[in-house]
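Structural description and commentary
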Amino acid sequence: MSTSIADERRLLSADEYQPVVRSHYPALNELDRQELVDLVRWLRERRAKFRTQVEGRRRAKRGKAEPRAAAAAESSERGVAAKKQVFARALKRANARLDRVLTDEKRAAMGAQMAAALARKRAARVHHPSTGRRAKPGVNPIENPKGADGVPGAMVGSISQATRVAQAVRDNKGE
């Protein structure tokens, strides 16, 4: 379930809310790469902080650990978990934008490298050695010492005919 901007404003303090506002979309597209990296780092730290608080409160509720503060002993972790979710969503948006920025940079770098390679290839001298004053005869053919294994034209079909004749002789013996 998504959280509205008004809910984010209500959940977060003013110093926490300003970076989260920058993670929403018209403002997010205007950030350059370094600002985006800094925003992602800050959001990741905040999400980790509130995740640790939620885990600590759940452990205290189960009796696995002592509560850190007296107020934390009675209070539920729902508010802290909601803050963590706000930072998680903001981080997801910022990570997606950072991935797009990095992909665009990578694509541009690869395009520049390919254009430079094509320019080098086109500028290189083409190596076509001269054939000389006249064409050479090429490789001399070597005759097969065994000769051709071809069947003479007069023999083609003679085996089939001999088989037919022999079968007819056998068939006529019985009469």
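Structure report, in brief. (Residues numbered from 1 in each chain as written. Predicted model: local features only at pLDDT ≥ 70, side-chain atom pairs only at ≥ 80, totals over all residues. Heavy atoms only, no water.)

A look at the overall build of the chain
- Regarding its fold elements, the chain presents 7 helices and 0 strands.
- Each helix (α) and strand (β) of the chain, taken in turn from the N terminus, gives the series α-α-α-α-α-α-α.
- Since a compact globule built from 175 residues should have a radius of gyration of about 16 Å, the 42 Å found for the chain marks it as more spread out than a globular shape.
- Over its C-alpha atoms, taken along the principal directions, the chain stretches across nearly 120 × 75 × 30 Å.
- Residues classed as buried in the chain amount to 18% of the 175 residues present.
- Nonlocal contacts in the chain, meaning residues at least 24 apart in sequence, comprise 67% of its contacts between residues at least 6 apart.
- Looking at the chain as shown, the accessible area adds up to about 14,000 Å², and 55% of this sits on carbon and sulfur atoms.
- With 38 positive and 20 negative side-chain charges, the chain shows a spacing of 4 Å between the two charge centroids. (Helix = DSSP H or I, 4+ residues; strand = E, 2+ residues; numbered from the N terminus. Rg over C-alpha atoms; globule rule 2.2 N^0.38 Å. Buried < 20%, exposed > 50% of the residue type's maximum accessible area, 1.4 Å probe, protein only. Contact = heavy atoms within 4.5 Å. Areas by Shrake-Rupley, 256 points an atom, 1.4 Å probe, with all protein chains shown as cover. Lys, Arg positive; Asp, Glu negative; His and termini not counted. Charge placed at Lys NZ, Arg CZ, Asp CG, Glu CD.)

Some details on the packing of aromatic side chains
- For the coordinates displayed, the defined rule picks out 2 aromatic pairs.
- Centre to centre, the rings of Trp42 and Phe87 are 5.8 Å apart; their planes meet at 75 degrees, and the pair counts as edge-to-face. A residue pair is termed long-range when its members are at least 10 positions apart, and Trp42 in helix α4 (residues 33-62) and Phe87 in helix α6 (residues 78-123) qualify at 45 residues.
- Among the residues examined, Trp42 registers a relative accessible area of 22% and is labelled partly exposed.
- Note on Phe50 and Phe87: the rings are 5.5 Å apart at their centroids and 10 degrees apart in plane angle, and the pair reads as stacked. (Phe/Tyr/Trp six-rings, centres within 6.5 Å; stacked < 30°, edge-to-face > 60°.)

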